[in-house]
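# Geometric and topological summary
Listed here are the chains, written in short residue letters.
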Amino acid sequence: MPTLIIVGAQWGDEGKGKVVDHFAAHADMVARYQGGNNAGHTLVVDGERTVVHLIPAGVLHPGTTCVLGNGVVIDPSVLCEEISGLQKRGYLGDPAQLRIDERAHVILPVHRLLDRAREQSLADRAIGTTGRGIGPCYEDKAARRGVRMVDMLDPSYFRDAVDKILAERGPLLKLYGEEPPSREEICAEYDGHAERLRPYVTDATEVIADAIATGKRILFEGAQAAMLDVDHGTYPFVTSSNTVAGVVGSGAGVAPKHVGRVLGIAKSYTTRVGAGPFPTELEDEVGARLRQVGGEFGATTGRPRRCGWFDAVVVRQAARLSGLSGIALTKLDVLSGIHPLKIATAYESGGRRYDRVPASVSALAGARPVYEELDGWSEDLSGARRFEDLPTAAQRYISRIEELTATPVTLISVGAEREETILLRDPFLL
Ligand code: IMP
């Protein structure tokens, strides 16, 4: 079955962009199925950095069709900017390379305003969202008053839909001290986006179905990660969509029988942005070193990321939830020079031992990790291209992660560049 789902196995920012870009070279199609421009992938090709927030990371390969599935929420102004930016650099010359599902929901200015106003009013109880309007857009989708891409293309329907949303959201925004934009302001802007995006909008589920029927290699690119899943993550400190692999079904219209392999991306340590429990967080010089050496600042918001030891409890849970066939372990090079290394194998909280992530926020907030210590190494790993090139301590670190998560490590990333990668097994063939 030539489909592969790529998901984050921690709290996001695991380096999915580089891994997707790596496999996109061998894929006919890369499709996103959830999230929006809260994601951000930094791709480095020949030293040149490209950051994409909405368009799948496969866009840098001209032969790869990129799809934004129905489960994605789309901010059209961001999408238009991203398309123009890529076109200026010689990518995305053919509109057929990008297909946007007509049922994908649209982020409106009221969603962004509401997201930010709410977070501000929550002050130190805030979730630390990316402020992109993702949550309020998914709320309106579930409340059955959302606007979809197909609706944005129909001016008279769009006006009625905007009225409906303003009637619900306007008074709330005023309560937060924000003046809602008028219907005219919104329509003037969005009518322009509609015309710019019209050539790309289609029934993407059909495009994907055709690709499956003709045996094309399809890569499904997840955004965010297991611990940010609205059901399975560290609720309420999560994003507003499901992020586990099974969501390809609803978010891209793909039947379960067509999906098989799932590759989980995990960083060799752990990071998290925004608020919420993080049992292995390091607020000491090791944490600061990981942030500095790993360049742990958000691709979307520029926020410094919280850093900590590798948490095998989290990755084991992600492996179970998404049925990981393999793990791509990223940023192993960042650990060089840290000795000893620690891995959390379980938690203790409230006199109980947990081998899984507890659902209760207070149990998780009070969790003390049970650590195992491993030898570190001091060699620079960026030149390693085979497993055998790695120092013995690094090999041992990887094997221990495999044992603790009961999942094989199939790719190791030792630097940001495409070639700074050790591929152990082709994930399409796992
Ligand atoms: P939202 O998705 O903007 O509503 O943010 C909700 C939570 O998810 C916040 O803690 C964000 O920092 C986090 N989040 C959302 N997208 C990403 C991502 O792509 N990487 C890491 N964290 C994310």
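Reading the values: the criteria
Residues numbered from 1 in each chain as written. Predicted model: local features only at pLDDT ≥ 70, side-chain atom pairs only at ≥ 80, totals over all residues. Heavy atoms only, no water. Helix = DSSP H or I, 4+ residues; strand = E, 2+ residues; numbered from the N terminus. Rg over C-alpha atoms; globule rule 2.2 N^0.38 Å. Buried < 20%, exposed > 50% of the residue type's maximum accessible area, 1.4 Å probe, protein only. Contact = heavy atoms within 4.5 Å. Areas by Shrake-Rupley, 256 points an atom, 1.4 Å probe, with all protein chains shown as cover. Lys, Arg positive; Asp, Glu negative; His and termini not counted. Charge placed at Lys NZ, Arg CZ, Asp CG, Glu CD. Near = heavy atom within 4 Å. Polar contact = N/O pair within 3.5 Å; in protein donor to acceptor, adjacent residues only side chain to side chain. Nonpolar A, V, L, I, M, F, W, Y, C, P; charged D, E, K, R; others polar. Arc of directions from axis to C-beta. Salt bridge = Lys/Arg side-chain N within 4 Å of Asp/Glu carboxyl O. Domains from an automatic or database assignment. Buried area = accessible area lost by both parts, 1.4 Å probe. Disulfide = S-S within 2.5 Å. Axes fitted to C-alpha atoms, helices over the stretch in contact; angles between N-to-C directions. Parallel < 35°, antiparallel > 145°, perpendicular 65-115°, else oblique. Left-handed = near helix turned anticlockwise from the far one by under 90°.

## Comments concerning the overall build of the protein chain
Within the protein chain one finds 13 helices and 20 strands. Here the protein chain has a C-alpha radius of gyration of 21 Å; the compact-globule value for 430 residues is 22 Å, and the two agree. Its C-alpha atoms give the protein chain principal-axis dimensions of about 65 × 50 × 40 Å. Taking all 430 residues of the protein chain together, 57% fall into the buried category. For the protein chain, contacts bridging at least 24 residues in sequence account for 76% of all contacts bridging at least 6. Summing over all exposed atoms, the protein chain offers an accessible surface of approximately 16800 Å²; the carbon and sulfur share of this is 49%. One finds the centroid of the 49 positive side-chain charges in the protein chain at a distance of 3 Å from the centroid of its 57 negative side-chain charges.

## Section: the site of the ligand
Among the 16 residues in the neighbourhood of the ligand, the closest are listed as Asp-13, Asn-38, Thr-130, Thr-239 and Arg-303. One of the side-chain N or O atoms of Arg-303 is found 3.0 Å from an oxygen atom in the ligand. Relative to its unbound accessible surface of 470 Å², the ligand loses 96% to contact with the protein. Of the residues belonging to the shell around the ligand, the class tally is six nonpolar, eight polar and two charged.

## Considerations on the environment of Gly-17
Position of Gly-17 relative to the elements: it lies in helix 1 (residues 16–24). Separated by 27 residues in sequence, Gly-17 and Val-44 have C-alpha atoms that sit 9.5 Å apart. Apart from the residues within four sequence positions on either side, Gly-17 is in contact with His-41, Leu-43 and Ala-57.

## Some words on helix 8 (residues 204–213)
Because each turn of an α-helix spans 3.6 residues, side chains separated by three or four positions end up pointing in the same direction. Here helix 8 has its buried residues at Ala-204, Ile-208, Ala-211 and Ile-212. On an axial view of helix 8, the arc spanned by its buried residues comes to 100°, and they lie on one face. The exposed set on the far side of helix 8, more than 90 degrees from its buried face, consists of Glu-206 and Ala-213. Residues of helix 8 that are buried make contact with strand 2 (29–32), strand 5 (65–68), strand 7 (98–101), strand 9 (201–202), strand 10 (218–221) and helix 9 (248–252). One or two positions beyond helix 8, positive phi appears at Gly-215, with a value near 70°.

## A short note on the pattern of salt bridges
According to the stated counting rule, one finds 24 salt bridges in the structure shown. Between Glu-296 and Lys-331 there is a salt bridge, and its shortest N-O distance comes to 2.9 Å. Of the two residues, Glu-296 sits in the loop between helix 10 (285–293) and strand 13 (306–308) while Lys-331 sits in the loop between strand 15 (326–330) and strand 16 (341–349), which places them 35 residues apart along the sequence. Of the residues examined, Glu-296 reaches a relative accessible area of 0% and is grouped as buried. In this structure, the salt-bridge partner of Asp-389 is Arg-386, at a minimum N-O distance of 2.9 Å. Judged by its relative accessible area of 34%, Asp-389 is partly exposed. Overlapping salt bridges, with partners in common, bring together Arg-118, Glu-139, Asp-140, Arg-145, Glu-168 and Arg-169 in one network.

## Description of the domain arrangement of the protein chain
Interfaces are often described in size by the accessible area the parts lose on coming together. According to the domain assignment, the protein chain contains domain 1 (3–100 + 201–261), domain 2 (105–197) and domain 3 (266–429). Here the C-alpha centre of domain 2 lies 23 Å away from the C-alpha centre of domain 1. Of the residues lining the interface, 26 residues belong to domain 1; the matching set on domain 2 comes to 21 residues. Between domain 1 and domain 2, roughly 1900 Å² of surface is buried when both sides are summed, and carbon and sulfur atoms account for 64% of that area. Interface area lost by domain 1 to domain 2 is led by Val-73, Pro-76 and Val-201, which between them contribute 29%. Across the contact surface, domain 1 and domain 2 share one salt bridge. Asp-75 is the partner of Arg-112 in a salt bridge, and the nearest nitrogen-oxygen pair spans 2.6 Å. Here domain 1 is connected to domain 2 by eight residue pairs in polar contact (both at pLDDT 80 or more). Going through the elements one at a time, strand 6 (73–74) and helix 2 (76–88) are the ones with two or more residues in the side of domain 1 that touches domain 2. With seven residues, the single largest contributor to the side of domain 1 that touches domain 2 is helix 2.

## Remarks on the state of the cysteines
Among covalent bonds in proteins, the disulfide is the one between the sulfur atoms of two cysteines. Overall, the coordinates contain zero disulfides when judged by the stated rule. Counting only cysteine sulfurs, Cys-80 is the nearest neighbor of Cys-137, a cysteine outside any disulfide, at a range of 16 Å. Residue class for Cys-137 comes out buried when judged on its relative accessible area of 2%.

## Points about the environment of Arg-148
Among the secondary structure elements, Arg-148 is positioned in the loop between helix 4 (134–142) and helix 5 (149–152). With a relative accessible area of 28%, Arg-148 lands in the partly exposed category. Taking the C-alpha atoms as reference points, Arg-148 and Ala-104, separated by 44 residues in sequence, lie 5.4 Å from one another.

## Remarks on the packing of helix 3 (residues 109–122) against helix 6 (residues 155–175)
Contact pair helix 3 / helix 6: the axes reach a minimum separation of 11 Å and the direction vectors enclose 25°. Judged on the interaxial angle alone, helix 6 and helix 3 are roughly parallel. With respect to the hand of their crossing, helix 3 and helix 6 are arranged in left-handed fashion. Here Val-110, Leu-113, Leu-114 and Arg-118 of helix 3 lie close against helix 6, whose contacting residues are Ile-165, Leu-166, Arg-169, Leu-172 and Leu-173. In terms of residue class, the contact of helix 3 with helix 6 is made up of seven nonpolar, no polar and two charged.

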